[in-house]
Structure formats: C-alpha cells, structure tokens
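# Structural overview for review
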Amino acid sequence: MSRVLIAGCGDLGTEAGLRFAAAGFAVSGWRRSPEKLPAPIEGAAADLADAGLPPVPADTDVVVITPAARERSEAAYRATYRDGTAHVLDALERDGVHPRRILLVSSTAVYGDADGGRVDELTPTDPASATGAVLREAEQLLLARRPDAVVLRLAGIYGPGRTRLIDQVRSGAAVVRPGQLTNRIHRDDAAAALVHLAGLADPASLYLGVDDEPVEQAEVLAFLAAELGLPAPAADPDAGASPRGGNRRLSNARLRGSGFTFTYPTYREGYRAVLAGTGVRHP
Ligand SMILES: NC(=O)c1ccc[n+]([C@@H]2O[C@H](COP(=O)([O-])OP(=O)(O)OC[C@H]3O[C@@H](n4cnc5c(N)ncnc54)[C@H](OP(=O)(O)O)[C@@H]3O)[C@@H](O)[C@H]2O)c1
C-alpha cells in the first residue's frame, strides 16, 4: 500500500487525507495537536517550524504540505510555510525517503492587482503583502530543491463551518464593495484537487485552485441574502477596495484541462451545500 504524509494536517489536509484513504492510501498526518485527527489518519506530533521532525514513514509515496499560519504576520508565515517546507524536505533527505510526488498548498495571494483582468499560471507573481511574498519564497524553495514538485495556489476557501460571509449577511454587517471581484473554491474541491494532482502521471509544476466563476463580491452577498430570505445588502460607495487586495479573475483552465471536475463549480452550488449543512469542518 502507498502512503500519503500530510504535513500541517488541518481542515483541508484532513479532508484530503480521508479522500486519499478512501482511494486506498495509508495516511499519516503531522501537526502539533495530532489527537484531533480522525481515523484512519495516523497522527504524529510535529512542529514544522522546528528542524527536528518525526521519522518519515519509509513507504511514503506522496507528501502534501498544507499548514496554515496561526496569524497573518511575516514571521509566522516564514516559520510555517518557508521553514516548514524546508524542514519537511530535510526530513525526507535525512531518512532517505523519496516520494513520487510532493505537493505544496500555496495561495493566490502571490499575485498582485490585475485591475479586473484574467490571471493564470503564466501571470507573473507580484505579492501585495509581506505574507504573500513569504508564500512565494516557500514555493521557490520547494521547486529549487524538488523541480518535480507541484504547487497548488488556492483562492479563498469556503465550505463547512466557514460561514463568515453568511454570518455577515445574517447580522447586517456585510460590507458591499462595488466592483470588487472575489475568487473562491469549496474546501471539498480543494481536497479533491490534491488527490487528483497526486495521481497525474506528468503534472505541471503549478496549478491554480479556483472554481469556474470569478464574481463580484456584491453578487455573492446578494445570492446569500436571497437564499436566507433577507434583503440584499446595500452597496457602500465609501467601502473602498478589499483589504486583501487584488481585483482579478483567476482561471482554472489548467486544472480543468488536466481532467479535474468540480463538485461545486460556482459559489451557488457550494454555498447552497454549506447552507444545507453538508459536511463538517475538521478541527
Ligand atoms: N483559508 C483560505 O481562504 C486559504 C486561501 C488560500 C490558501 N490557503 C491555504 O490552505 C491551506 C489549508 O488551510 P486550512 O483551512 O486547512 O487551515 P487549518 O484548518 O487552519 O489547518 C492548518 C493546520 O496546520 C497546522 N499547523 C499550523 N502550524 C503548524 C506547524 N508549525 N507545524 C505543524 N502543523 C502546523 C495546524 O494544526 P496544529 O495547530 O495542531 O499544529 C492546523 O491544523 C493552508 O496552506 C493555507 O495557507 C487557505
């Protein structure tokens, strides 16, 4: 049996791990609180920021690096993503384990503002934030040491338990930013994309993980309000651009072209599932 090692095994990593297990893999999950991991994921306590990682199981065939920094600071990002990636690669070398595939979950925060234009894997990166720049460093470090690795840059994840926008619409706190585009992917599709990319015979080194429909944030809020039977939140002309920055239309053409199909191709199917209570957020 082949094994997948998921380094930084939180909500996305656990969902991916359960899907790998269903596909016949043994699954190991590394995180600081491994007791939170459900069977059949075999947990081990590991802090990716530390060089002394646990032994890598000798039968590891696929590695997925997907921790999330606790806070949005440059130092936390450096320790978690860049140092964490380096430490995983060091542990593989130390233990003489040569996985067939290494996948790193990154973020579309590595892109700059595109003024509403199309962005794909060929678009040059231009992170607007120090944290985005660190993610880019982690990608570069990985691809320098393992040129055959695969980076998956995810757009905004939503899904079970991630109800920030829904809560804002319910409470009347939603801020409508006219003209602001958002790009998103359901947690389950992000997890399925990791399993898909692990199985490709000859993948590219980079994929965008985003659904079919870049959309104005106002449209998503109006949709949620309609689903909830509430009036659409009013536009706030003074709201300005999103503090997260980056008005762009991300393309999933490469991911789709590799044979991937979405369970939730747009926010409509995805948010309907969230509103219906489908799935759980893994702790
Ligand atoms: N949220 C978004 O919209 C978004 C957008 C683009 C990309 N992403 C990326 O998506 C990925 C998955 O995020 P998620 O939603 O699954 O996050 P999550 O649920 O917060 O899980 C992240 C996990 O990382 C573990 N972790 C953090 N620091 C660690 C460390 N130093 N050593 C070992 N484990 C560590 C945490 O477990 P312990 O605390 O037990 O260690 C946690 O379970 C991340 O790579 C994130 O950057 C997210």
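Residues numbered from 1 in each chain as written. Predicted model: local features only at pLDDT ≥ 70, side-chain atom pairs only at ≥ 80, totals over all residues. Heavy atoms only, no water.

Turning to the site of the ligand, a few remarks are in order. Of all residues adjacent to the ligand, which total 25 residues, the nearest are Arg-32, Ser-33, Pro-67, Tyr-81 and Arg-162. Between the ligand and the protein, one listed contact pairs an oxygen atom with a side-chain N or O atom of Ser-33 at 2.3 Å. Here an oxygen atom of the ligand and a side-chain polar atom of Arg-162 are 2.5 Å apart. Ranked by residues supplied to the shell around the ligand, first place goes to strand E5 (residues 101-107) with three residues. (Near = heavy atom within 4 Å. Polar contact = N/O pair within 3.5 Å; in protein donor to acceptor, adjacent residues only side chain to side chain. Helix = DSSP H or I, 4+ residues; strand = E, 2+ residues; numbered from the N terminus.)

Once that is clear, we can look at the nonpolar core. Soluble, globular proteins show a tendency: their nonpolar side chains are buried together. Core analysis: the largest hydrophobic core is formed by 34 residues, its most contacted members being Trp-30, Val-88, Leu-92 and Ile-102. At the level of secondary structure, the elements contributing two or more residues to this core comprise strand E1 (3-7), strand E4 (60-65), helix H2 (74-95), E5, helix H3 (130-145) and strand E11 (206-209). When neighbours within four sequence positions are excluded, Leu-92 is seen to be in contact with Val-56, Val-63, Val-97, Pro-99 and Ile-102. Listed in part, the 30 residues of the second largest apolar core include Cys-9, Leu-12, Ala-16 and Ala-198. (Core = buried A, V, L, I, M, F, W, Y, C linked by side-chain atoms within 4.5 Å. Buried < 20%, exposed > 50% of the residue type's maximum accessible area, 1.4 Å probe, protein only. Contact = heavy atoms within 4.5 Å.)

A few words now on the pairing of E5. Within E5, seven of the seven residues are buried, which leaves the element mostly enclosed by the surrounding structure. Here E5 shows no split at all, with Arg-101, Leu-103, Val-105 and Ser-107 on one side and Ile-102, Leu-104 and Ser-106 on the other all buried. Looking at chain direction, E4 and E5 are connected through four bridges and run parallel. In the sheet register, Val-63 faces E5, and the bridge partner there is Ile-102. Regarding topology, H2 serves as the crossover connection from E4 to the parallel E5, and that connection is right-handed. As paired elements, E5 and strand E7 (residues 150-154) share five bridges and run parallel to each other. Bridge pairing in E7 links Leu-103 to Val-150. (Pairing = 2+ DSSP bridges. Right-handed = clockwise from strand over helix to strand, strands pointing away.)

Per the UniProt entry, the sites bearing "domain: NAD-dependent epimerase/dehydratase" (unreviewed entry) are residues 19-198 in this numbering. When the span residues 19-198 is considered, its composition is 34% helix and 22% strand, and the gap between its end C-alpha atoms is 12 Å. (UniProt positions renumbered as here; feature names shortened; annotations may be inferred.)

Between helix H6 (residues 217-228) and helix H8 (residues 267-275), whose axes approach to 11 Å, the crossing angle comes to 40°. One way to sum up the angle between H6 and H8 is to call them oblique. The two elements H6 and H8 cross, and the hand of that crossing is right-handed. In contact with Glu-219, Val-220, Phe-223, Leu-224, Glu-227 and Leu-228 of H6, H8 contributes Tyr-267, Arg-268, Tyr-271, Arg-272 and Leu-275. (Axes fitted to C-alpha atoms, helices over the stretch in contact; angles between N-to-C directions. Parallel < 35°, antiparallel > 145°, perpendicular 65-115°, else oblique. Left-handed = near helix turned anticlockwise from the far one by under 90°.)

With five of five residues buried, E1 is to be regarded as a mostly interior element. Burial of the side chains of E1 extends over both faces: Arg-3, Leu-5 and Ala-7 are buried on one face and Val-4 and Ile-6 on the other. Sheet analysis places E1 next to strand E2 (residues 26-31), joined by five bridges and oriented parallel. Its bridge partner being in E2, Val-4 is matched across the sheet by Val-27. Inspection of the sheet shows E1 paired to E4 by five bridges, in the parallel sense. Following the sheet pairing, Ile-6 is matched in E4 by Val-64.

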